[in-house]
Amino acid sequence: MANGQANGQWYPPEWPDRIRALAAGTLTPVTPKRAATVMLLRDTGTTGSGPAVHMLRRRTSMAFAGGAYAYPGGGVDPRDDDRAIGWAGPTRAWWAQRLGVDEAGAQAIVCAAVRETYEEAGVLLAGPTGDSVVGDTTGADWEADRAALVDRELSFAEFLDRRGLVLRSDLLGAWARWITPEFESRRYDTWFFVAALPEGQRTRNASTEADRTVWITPADATAGYDRGELLMMPPTVATLRGLAGCRTAAEALASASGRDMTPVLARARLSGDEVVLSWPGHDEFTKHVPSTTAHTKATPPATPSDPTGGAPA
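Residues numbered from 1 in each chain as written. Predicted model: local features only at pLDDT ≥ 70, side-chain atom pairs only at ≥ 80, totals over all residues. Heavy atoms only, no water.

A. Summary view of the overall build of the chain. Check the secondary structure of the chain and you find 8 helices and 14 strands. Buried residues in the chain amount to 51% of all 313 residues. Within the chain, residue pairs in contact and separated by at least 24 positions form 72% of the contacts whose partners lie at least 6 positions apart. Accessible surface, the chain: about 13200 Å² in total, of which carbon and sulfur atoms supply 48%. (Helix = DSSP H or I, 4+ residues; strand = E, 2+ residues; numbered from the N terminus. Buried < 20%, exposed > 50% of the residue type's maximum accessible area, 1.4 Å probe, protein only. Contact = heavy atoms within 4.5 Å. Areas by Shrake-Rupley, 256 points an atom, 1.4 Å probe, with all protein chains shown as cover.)

This is the structure we're talking about:
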């Protein structure tokens, strides 16, 4: 790994030059796009292991974080807040306060979380009523709708209306918010959520950006990262460490309301011949990069085993 680190922290080789350019005033930061990602959880049934989280591995050919493990998620669709939709759970006003945005923005972010989870994992946090959830979503008609959502031929509001469904915002818990560093060329303002896998549904690799998916406990995932076997971005590692203390998926969801949603934004400064990169409140990710160090991309990570004993979803 770059900087001699033994862990699997994702670190692009072009960052030091971009950090220096930002410090010199020759690089204009890109405005971050709003995005949402969901940590889907399921209980393993093994005492003391805690719940497993559904993760996907980004294809190594991806320009952004290729080979890194992440959660289902993606950017907000401009149509996610274009009109009222069937909505169950906390109000949009409640979500606006929790997420630190206005009500339209809150609807868009929550919709993006639910929509992207369906697009990339085939799991839908919605139901015909405010206290129910759809069952199996693997049929051909469901797949046709999912593909139309991915291709943006169908808005999420239209999808819910067509199916007679309401979005179950109460099945989500807001967990964290991270903003891509100012020196990165692709920037996202991302809200992280937790949710339990609904009964009757199952995950699958429905994303064109991932080469495989896996259910893995946060403890096993972070151990793989610490050994340098699993490549991850700092927000992924930080959220996994936060989940490690939860004994069940329900406990994780219940604890979400107490999580600090202050945005985490990396800071970079020049110190002599070094570039010092840090994430406030997360000292483990601090990097000291000598200007003379040659940086290379991390090698693709190893494939983790499924700790629950089943085949990867």
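Now that the structure has been shown, we can carry on.
B. Looking closely at the environment of R241. Take R241: it is sitting in helix α7 (residues 234-243). What makes R241 partly exposed here is its relative accessible area of 31%. As a C-alpha pair, R241 and A221 span 20 residues in sequence and 9.2 Å in three-dimensional space. The contact partners of R241, leaving out residues within four places of it in the chain, are T222, Y225, D226 and E284. Of the polar contacts made by the side chain of R241, one reaches the side chain of E284; its length is 2.7 Å. (Polar contact = N/O pair within 3.5 Å; in protein donor to acceptor, adjacent residues only side chain to side chain.)

C. Summary view of the sheet that holds strand β5 (residues 87-88). What the 3 strands build is an open sheet, ordered β5-β7-β6; its pairing is mixed. Edge strands, defined here as strands with exactly one partner in the open sheet, are β5 and β6 (126-127). (Pairing = 2+ DSSP bridges.)

D. Looking closely at helix α3 (residues 103-121). Its 19 residues give α3 an end-to-end C-alpha distance of 27 Å, which sits within 8% of 27 Å, the value for a rise of 1.5 Å per residue. Taken from the residues just after α3, G122 is the one with a positive phi, measuring 75°. (Expected span 1.5 Å × (residues − 1).)

E. Region of interest: the sheet that holds strand β12 (residues 267-271). Read from one edge of the open sheet, 3 strands run β12-β13-β14, paired in antiparallel fashion. Bordering the open sheet on either side are β12 and β14 (282-290), each of which pairs with just one other strand. The average angle at which neighbouring strand axes cross in this sheet is 20°, direction not considered. Each of β12, β13 (274-279) and β14 touches helix α1 (residues 15-24); the most contacted strand, β13, lies at about 95° to it. (Axes fitted to C-alpha atoms, helices over the stretch in contact; angles between N-to-C directions.)

F. Geometry of unusual backbone geometry. With phi around 60°, R152 is a residue other than glycine that occupies positive phi space. Tracing the backbone through its elements, the reader meets R152 in the loop between α4 (140-150) and α5 (156-163). By relative accessible area, R152 is classed as partly exposed at 32%.

G. Main features of a negative patch on the surface. On the surface, D81, D82, D102, E103 and E158 cluster together into a negatively charged patch. As for its position among the elements, D82 is in the loop between β4 (73-75) and β5. (Patch = residues over 30% accessible without salt bridge, like charges linked within 9 Å, V, L, I, M, F, W, Y side chains within 5 Å. Salt bridge = Lys/Arg side-chain N within 4 Å of Asp/Glu carboxyl O. Lys, Arg positive; Asp, Glu negative; His and termini not counted. Charge placed at Lys NZ, Arg CZ, Asp CG, Glu CD.)

H. Main features of the pairing of β14. Across 5 bridges, the pairing between β13 and β14 is antiparallel. Across the sheet, L277 pairs through a bridge with K287, a residue of β14. Linking two consecutive strands that pair antiparallel, namely β13 and β14, is a turn of 2 residues; a positive phi of about 85° is found at G281 within it.

I. Summary view of the packing of helix α6 (residues 218-226) against α7. Direction vectors running N to C along α6 and α7 enclose 140°, while the axes themselves pass 8 Å from each other. As the angle between them shows, α6 and α7 are arranged oblique. Between α6 and α7 lies a crossing of left-handed hand. Across from P218, A221, T222, Y225 and D226 in α6, the residues of α7 making contact are V237, L240, R241 and L243. The class makeup of the residues in the contact of α6 with α7 is 6 nonpolar, 1 polar and 2 charged. (Parallel < 35°, antiparallel > 145°, perpendicular 65-115°, else oblique. Left-handed = near helix turned anticlockwise from the far one by under 90°. Nonpolar A, V, L, I, M, F, W, Y, C, P; charged D, E, K, R; others polar.)

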